[in-house]
Amino acid sequence: MRVFTSYFILQLFCFTTCLTQSADIRGIVSDSSTGEGIPFASVRIPLLKKGTSANNRGFYIITNVPPGEHVISASSIGFIPETRKVSIQSNSKLTVNFKIAPQPLEGAEVEVVEESKRELTERLSSIHILGQKEMKLVPVTLQEDVFRSIQILPGIVSTSDVSSQFYVRGGAGDQNLILLDGMRIYNPYHALGIFTVFDSDIISATEVYTGAYPPEYGGRLSSVVNLTTRSGKSTSFSGKSSVNFLSSKAEIEGPLGDQIRFIANGRKSLFNTPLNRFLARDTPLSFFDFFAKATIDAYEGQAKFSFLSFFSGDKLASNTLDEPDYRWENRSFAFTASGLLQDRFYVNSIVYGSFFNANKDVKASKTQTSSSTEVKEVTIRAEATLYTNSKDVYFFGFEFEFPDLTYNLTNNTGTRISLSSGPLYVSAWFHSYFELNPFKIDGGAHLDASSLIEGKSGYWFQPRITASVSLSQDWILKLSYGRFTQNIITVNNEDDLVSLFDAWIAVPQTLENEHSDHYVVSVEGSPFPRLSLTSSVYYKDLGSLVTYNKDKVTAQDPDYVSGSSKAYGAEFLARASSSLVDIYMSYSLGWVTITSNGANYLPRYDRRHSIKALSVFHVSTGLDFTLRWDYGSGFPFTPSVGKYNRLKFPDLFDGNFATEEGSTYLALGEKNSQRLPPYHRLDLSINYRFSLNPITANMGLHIINVYDRKNIFHFDRNTGQRINTLPFFPTATLSVEF
Amino acid sequence: MKQMFGTGAIVFIMFACGCDDSFSPNADLVNKVVVFGVLTPNASIQFVRVHPIVSPEESNPRNDSVSGTVVRVSKGGSLTIFRDTLLIVVKSVGDTVKIPAFVTYELSIERGARYALSVVSPSYSEVSAIVSVPSRGVLSTLGNLILQSPWDYNMDLDIIVSMTLSPDTKGFFVRFFLNYEVLRNGTWASESVEVPIKLQDSNGLANINGVYPSLGVRTTSRSPTGFAVERKGYMNSEYRKVLTLIYAEYGSQNIRMKKAVFQLIQVEDNLFNYYFVANNFADKFSIRIDQPEFTNINGGFGVFGAFTFDSLVVNLPEDLSPRSPR
């Protein structure tokens, strides 16, 4: 660590001394049809063998360019590369903005892994970047969904068809950090978790980190999903409307003057019948979501100010008094500012409020209890990127997070309980990307100042590092390590089949914050231009995990105790692409065990084998045929091992227990010691795009579970009723764009 | 033709894959017995019940016997073998249930002692359990004067009972009984009534609706050398209400008050844990809504526990008939 720190300081010194002698080229790579910045676009000066990748807003900078004339090119998947000839003088700063035109998807040969993304994935491990194209490849279940798309990635497990909730490399569901343009979203699910609150049309890029993620992310133990939204077209007004069997949506975007553009997108549920069929029960659900964003482009587009708001709401109102009503909603507001503060100092800042509340009203039900939860979070976050003469890049940032967490419930005894906490979480981070022959290193640390102040954890300093080394021209070996903490958790029972909403609470004061260490080794390569292969092995040590105290008997016993968990496994991912077909295949092998109160058990999301295969056939212009097949070995469950009459001793202290008959009690075996049957399912999609000027339409026919596999979702031990996940289920979509 | 055959084969395989995998949540029946045994020094007979567990697919388990079972309870070097018997439970006229049990009259349970249970039967593995019987609890009260002259003291005063618990005690509670004699047909007959913590309403002495003490966890240290004292209080007002009911029931001429008896019930860890879990995990402060499990029978299900009674007696004047308070 000392060597690393010395190197860091030395590099910073070199940066400041060399700053004035260099020429820089910087600018924005944007879509010529919309004016939107293209995330992670690639910008190169081929003759100099110099280049860089844009950030998630399309901004790039190439430093230390020798004076003279150069050919510079910009490219991105799905766009026609553009080349420019530029002339640059010493000690100057040249702005070169690219507006590259989208390439028709069909029939276009695309690289499997784009150069710029490769750079990013070279720096970091366990990262997957999905653009709009990749998101739309996945067959839809009722409607397109961001999280369903990321579930094609290795290491990500979903416990059922009816939930978009996911578990990453043996981590629990509340260990995933979900960010929308930097805003933390606490419950990003609609409709019992069937899909997320984010319409995929507002998302321009999705970064998914399944482990050992970089220091700018903190507060969660397992993964990060960072969604970057679109800013709207700057070229012309346009609208889009679509309808499917469940909901309709409308979107409008366009410029407001020279420097301002906006996008507004809303969805509203329409019909319940498909959902009823989907869930095989009456589900009187209604939902909506709305996203609006206005962006001001300043300084030739190199500075950007955005105001954005996001709302979503769900209501599940049962027709009977015995079944509870549920309601939950998200409200988020943010102001973001990003741009070059100085020549090589790019700053991105955000102030936001993210509010979530949910309520369960049991009405006349005697078997359930009421509860409600609320999260009010206000956060200030700033991060900076410092570019240097060399390829070294430095990243810094800090965050002040003010969450206010409330959880009200009525427990088994009918007692109403209210838990509330309003902690302040302060964190800062730094990391640097540099070369230390033969390694390329991205290393730094996340500092959890709140834990340090509270004296609650020795894990306030969280080093994170990825070192990559080229094994050959086509193959890279990467070694990653990261330490992570989490100080808020959800109180849902980990054995719940469907969780309608998550109730968040701070980790109880008496317990250590949750923490984990990730170790990842991966080998990546492209043996052929249109084939990329990645294989990783990981070990995740969750040294502190808050678990239910299964031995709790009295009020003096805590509800939660510190447990631990260990997860390890291997992943293999292959992607191939041609003008006729895109193929994606992954295999994951994983083990996860939780230790609590001295007992070891497998959590219910422990999946030993998982295979995901996706192929998209570009049949003809505008016509795509997609097949997706998923296989997963069975999840663990706790078996019933017998029945007996359990005595409750009502008259024990009056001197009699010997003649009590007792009541029937189902004895369970070792927790999660057996496995459900394996899961597999084939989905099919046919999409046809056509234009009738000025309208572009997209018609889709989607069939879920083509061969009607009976995948088990739940078995009620008391009634013997078996509930399966989705049956053979055809749906259709129609969207119109003008 | 080949292509058609290939396509047909693929379709066939796909639909074959789609077939239902049978599923049962039931594992093979575990080869275990269910044992319920509660020792107490306050009884002359000790019981242990042993039943087989039945398949989870059976609808109603029965309290059957396990043939050939031998039940032994040992303390140090002494061993007691329980005898099997059938307990007859009369549910209603002509409707009886026979419950197999193991009993002994020969085992005098010693406070503070440790007992080991062993249950051996030909068709099951041996199961065992250990229990420590709470030692004697010490009760005292500063409320003698209130007990003996309730109408002379403020009704809001508490009759405080203090107790020192055994280190083996996890839970306890104190009950308050009034013993008196009633003149019936020329002879005095003994009766007893329990005084509630809070008397809500009543329809005569036989129908008192009130809040009675129940088993709760100890709040003091379990150090054997400590002098931690638990305290419980009964309000004079409730005591007076019960006295009023007694006298209203029989008339002041037919009542002779005898004793106030405070009964301390001490429950050791295993029985306490099992009792709380089996009776719906009643923690008012818990944010959990699931149910934990508990057994201390190694290799089986059920519980082997112990509890004790200790009493404090305060003699009462014969006449405590209600009168206007001073």
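Computed from a predicted structure; not experimentally measured. (Residues numbered from 1 in each chain as written. Chains lettered and ligands numbered in written order. Predicted model: local features only at pLDDT ≥ 70, side-chain atom pairs only at ≥ 80, totals over all residues. Heavy atoms only, no water.)

1. Remarks on the environment of Gln165 of chain A
Residues and elements named next belong to chain A.
Here comes step 1: Following the sequence through the fold, Gln165 ends up in the loop between strand S10 (156-157) and strand S11 (167-168).
Here comes step 2: Taking the relative accessible area as the measure of exposure, Gln165 reaches 12% and is therefore buried.
Here comes step 3: Counting along the chain gives 278 residues from Gln165 to Gly443, while the straight-line C-alpha distance between them is 31 Å. (Helix = DSSP H or I, 4+ residues; strand = E, 2+ residues; numbered from the N terminus. Buried < 20%, exposed > 50% of the residue type's maximum accessible area, 1.4 Å probe, protein only.)

2. With respect to the interface of chain B and chain A
Here comes step 1: Listed per partner, the contact involves 70 residues of chain B and 60 residues of chain A.
Here comes step 2: Together chain B and chain A conceal approximately 5700 Å² of surface at their shared face, both sides included; 61% is due to carbon and sulfur atoms.
Here comes step 3: Close ionic contact of Arg175 of chain B with Asp654 of chain A constitutes a salt bridge, the shortest N to O distance being 3.1 Å.
Here comes step 4: Here chain B is connected to chain A by 15 residue pairs in polar contact (both at pLDDT 80 or more).
Here comes step 5: At eight residues, helix H4 (residues 269-278) of chain B tops the list of elements feeding residues into the side of chain B that touches chain A.
Here comes step 6: A per-class count over the side of chain B that touches chain A returns 43 nonpolar, 13 polar and 14 charged. (Contact = heavy atoms within 4.5 Å. Buried area = accessible area lost by both parts, 1.4 Å probe. Salt bridge = Lys/Arg side-chain N within 4 Å of Asp/Glu carboxyl O. Polar contact = N/O pair within 3.5 Å; in protein donor to acceptor, adjacent residues only side chain to side chain. Nonpolar A, V, L, I, M, F, W, Y, C, P; charged D, E, K, R; others polar.)

3. Concerning the sheet that holds strand S3 (residues 50-53) of chain A
Residues and elements named next belong to chain A.
Here comes step 1: With antiparallel pairing, four strands are arranged side by side in an open sheet as S3-S2-S5-S6. Strands at the two margins of the open sheet, each flanked by one partner only, are S3 and strand S6 (82-88). In this sheet, neighbouring strand axes are inclined to one another by 20° on average, regardless of whether the strands run parallel or antiparallel.
Here comes step 2: Relative to strand S5 (residues 68-75), strand S2 (residues 42-45) runs antiparallel, the two sharing three bridges. Along S5, the bridge assignment pairs Arg44 with Ser73. (Pairing = 2+ DSSP bridges. Axes fitted to C-alpha atoms, helices over the stretch in contact; angles between N-to-C directions.)

4. Structural notes on a nonpolar patch on the surface
Residue and element names in this part refer to chain A.
Here comes step 1: A surface patch of nonpolar side chains, amounting to about 550 Å² of accessible area, comprises Val351, Val378, Ile380, Phe398, Phe400, Phe402 and Leu424.
Here comes step 2: At the level of secondary structure, the elements contributing two or more residues to the nonpolar patch comprise strand S25 (371-387) and strand S26 (393-410).
Here comes step 3: With three residues, S26 is the single largest residue contributor to the nonpolar patch.
Here comes step 4: In this fold, Leu424 is placed in the loop between strand S27 (416-421) and strand S28 (425-436).
Here comes step 5: For Leu424, a relative accessible area of 41% translates into the label partly exposed. (Patch = residues over 30% accessible without salt bridge, like charges linked within 9 Å, V, L, I, M, F, W, Y side chains within 5 Å. Areas by Shrake-Rupley, 256 points an atom, 1.4 Å probe, with all protein chains shown as cover.)

5. What about the nonpolar core?
Across soluble globular proteins, you tend to see nonpolar side chains buried next to one another.
Here comes step 1: Ranked by size, the top nonpolar core spans 36 residues in total, and within it Phe649 and Phe653 of chain A together with Phe36 and Phe307 of chain B carry the most contacts.
Here comes step 2: Looking at this core, the elements that each hand over two or more residues are strand S42 (640-646) and strand S43 (663-668) of chain A together with strand S1 (33-39), strand S6 (95-104), strand S17 (255-268), H4 and strand S18 (301-315) of chain B.
Here comes step 3: Here this core takes seven residues from H4 of chain B, the largest share from any one element.
Here comes step 4: Shared between two domains, this core holds at least three residues of each, these being domain 1 (33-133) and domain 2 (138-267 + 309-315) of chain B.
Here comes step 5: In this structure Phe307 of chain B touches Leu652 and Phe653 of chain A together with Val38, Leu39, Thr40, Pro41, Asn42, Ile265, Gln266, Val267 and Leu271 of chain B, once residues within four positions along its chain are discounted. (Core = buried A, V, L, I, M, F, W, Y, C linked by side-chain atoms within 4.5 Å. Domains from an automatic or database assignment.)

6. A look at the domain arrangement of chain B
Often, the extent of an interface is quoted as the loss of accessible area upon association of its parts.
Here comes step 1: Assigned domains of chain B: these are domain 1 (33-133) and domain 2 (138-267 + 309-315).
Here comes step 2: Placing a centre on the C-alpha atoms of domain 1 of chain B and another on those of domain 2 of chain B gives a separation of 33 Å.

7. A closer look at helix H3 (residues 236-250) of chain B
Residue and element names in this part refer to chain B.
Here comes step 1: Between its first and last C-alpha, H3 extends 21 Å over 15 residues, near the 21 Å set by a 1.5 Å rise per residue.
Here comes step 2: Buried residues of H3: Asn236, Ser237, Glu238, Tyr239, Arg240, Val242, Leu243, Leu245, Ile246 and Tyr247, and no others.
Here comes step 3: Just beyond H3, the residue with positive phi is Gly251, at close to 90°. (Expected span 1.5 Å × (residues − 1).)

8. Considerations on the side chain of Thr547 of chain A
Residues and elements named next belong to chain A.
Here comes step 1: Mapped onto the elements, Thr547 comes out in strand S35 (residues 531-548).
Here comes step 2: Taking the relative accessible area as the measure of exposure, Thr547 reaches 4% and is therefore buried.
Here comes step 3: Discounting chain neighbours no more than four positions away, the residues touching Thr547 are Asp559, Tyr560, Val561, Gly563, Ile594 and Ser596.

9. Some remarks on the pattern of salt bridges
Residue and element names in this part refer to chain A.
Here comes step 1: Following the criterion strictly, the structure yields 41 salt bridges over all chains and no others.
Here comes step 2: Of the charged contacts, one joins Asp201 and Lys249 as a salt bridge, the two residues approaching to 2.8 Å between their closest N and O atoms. Taken together, the positions of Asp201 in the loop between strand S15 (195-196) and strand S16 (203-209) and Lys249 in strand S19 (residues 247-255) put the pair 48 residues apart, joining distant regions of the chain.
Here comes step 3: Its relative accessible area of 13% is what places Lys249 among the buried residues.
Here comes step 4: Among the charged side chains, a network of salt bridges with common partners joins Arg184, Glu377, Arg381, Glu383, Glu399 and Glu401.

10. Quick word on empty space enclosed by the protein
Residue and element names in this part refer to chain A.
Here comes step 1: Under the defined criterion, the tally for this structure stands at eleven cavities of 30 Å³ or more.
Here comes step 2: Roughly 240 Å³ of internal volume is contained in the largest cavity.
Here comes step 3: Forming the walls of the largest cavity are 22 residues, and the residues nearest its centre are Gly218, Gly219, Glu399, Glu401 and Ser427.
Here comes step 4: Every element with two or more residues in the lining of the largest cavity is listed here: strand S12 (176-180), S26, S28 and strand S29 (439-448).
Here comes step 5: Broken down by element, the lining of the largest cavity gets its largest block of residues, four residues, from S28.
Here comes step 6: Among the residues forming the lining of the largest cavity, the class breakdown is seven nonpolar, eight polar and seven charged. (1 Å grid on protein atoms, 1.4 Å probe; cavity = no way out; pocket = protein on both sides within 12 Å on 5 of 7 lines; lining within 4 Å. Points joined across faces, edges and corners; volume = space filled by probe spheres on them.)

11. With respect to the environment of Phe47 of chain B
Here comes step 1: Positionally, Phe47 of chain B belongs in strand S2 (residues 46-52).
Here comes step 2: Each C-alpha atom, one on Phe47 of chain B and one on Ser237 of chain B, is 40 Å from the other, the two residues being 190 residues apart in sequence.
Here comes step 3: With sequence-adjacent residues up to four places away left out, Phe47 of chain B is seen in contact with Phe657 and Ala658 of chain A together with Phe36, Gly37, Val38, Phe82, Leu87, Phe102 and Val103 of chain B.

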